[in-house]
Amino acid sequence: MLDVRRTHRAAWTFPASPGAVPAARSAVTAVLGRWGLDGVRDTAALLVTELVTNAVRHGRGGPVDLRITGPEAGRPDTLLIEVGDREPRPPRHRTGVRPEDESGRGLVLLTHCARAWGVRPGPRGKTVWFELTVPG
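The shown structure was predicted, so the numbers you read here are calculated from the model rather than taken from an experiment.

Engineer: Would you explain the packing of helix 1 (residues 20–34) against helix 2 (residues 38–58) in this entry?
Structural biologist: Helix packing for two helices is described by the angle between their axes and how far apart those axes are. Where helix 1 meets helix 2, the axes come as close as 9 Å, and the angle between the chain directions of the two elements is 155°. Overall, the two elements helix 1 and helix 2 adopt an arrangement that is roughly antiparallel. Between helix 1 and helix 2 lies a crossing whose hand is right-handed. Packed against helix 1, whose contacting residues are Ala20, Val21, Ala24, Arg25, Val28, Thr29, Leu32 and Gly33, the element helix 2 presents Asp38, Val40, Arg41, Ala44, Ala45, Val48, Thr49, Val52, Thr53 and Val56 at the interface. Residues that form the contact of helix 1 with helix 2 fall into these classes: 11 nonpolar, 4 polar and 3 charged.

Engineer: Quick question: what am I supposed to make of helix 1 here?
Structural biologist: One turn of the α-helix equals 3.6 residues, which is why residues spaced by three or four share an orientation. Taking 1.5 Å of rise per residue, the 15 residues of helix 1 would be expected to cover 21 Å, and the 21 Å separating its terminal C-alpha atoms lies within 8% of that figure. Structurally, helix 1 contributes buried residues whose contacts are with strand 1 (9–14), helix 2, strand 2 (64–69) and strand 3 (78–85). Gly36 sits one or two positions beyond helix 1 and adopts a positive phi of about 75°.

Engineer: What should I look at first to understand the packing of helix 2 against helix 3 (residues 106–113) in this one?
Structural biologist: Between helix 2 and helix 3, whose axes approach to 9 Å, the crossing angle comes to 150°. With respect to helix 3, the element helix 2 is oriented roughly antiparallel. Two packed elements cross with a definite hand, and for helix 2 against helix 3 that hand is left-handed. Packed against helix 2, whose contacting residues are Thr43, Leu46, Leu47, Glu50 and Leu51, the element helix 3 presents Gly106, Leu109, Leu110 and Cys113 at the interface. Across the contact of helix 2 with helix 3, the residue classes tally to 6 nonpolar, 2 polar and 1 charged.

Cut-off values and rules
Residues numbered from 1 in each chain as written. Predicted model: local features only at pLDDT ≥ 70, side-chain atom pairs only at ≥ 80, totals over all residues. Heavy atoms only, no water. Axes fitted to C-alpha atoms, helices over the stretch in contact; angles between N-to-C directions. Helix = DSSP H or I, 4+ residues; strand = E, 2+ residues; numbered from the N terminus. Parallel < 35°, antiparallel > 145°, perpendicular 65-115°, else oblique. Left-handed = near helix turned anticlockwise from the far one by under 90°. Contact = heavy atoms within 4.5 Å. Nonpolar A, V, L, I, M, F, W, Y, C, P; charged D, E, K, R; others polar. Expected span 1.5 Å × (residues − 1).

Spelled out as structure tokens, the structure:
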């Protein structure tokens, strides 16, 4: 069980290259395993894969930032994950995405799997964030 008296935080910066996607996925699964958050590990890895892929494809070639904040006092059931890139425009939610489509499913997955998500503008781009409920 995660000790919510301590703040669990992790952060990485990856180059905007295809190798960032598996590196980010591995980083997330490793840290969530160390924190004992196996109940959200697969969902977190899936959503990070989608967001980092979008950041690599559309992020203007700048680095991709990944931050995780584990459950804390006051929010013991919440995992927060943030992916930042250098593209200031928010992602577009595509309608009519079919299972056989090669792209466009990331925000659909985010909407269905995350408790909440959003986009925050920043001085050098944007951050897409999502929250997952940590099983008690």
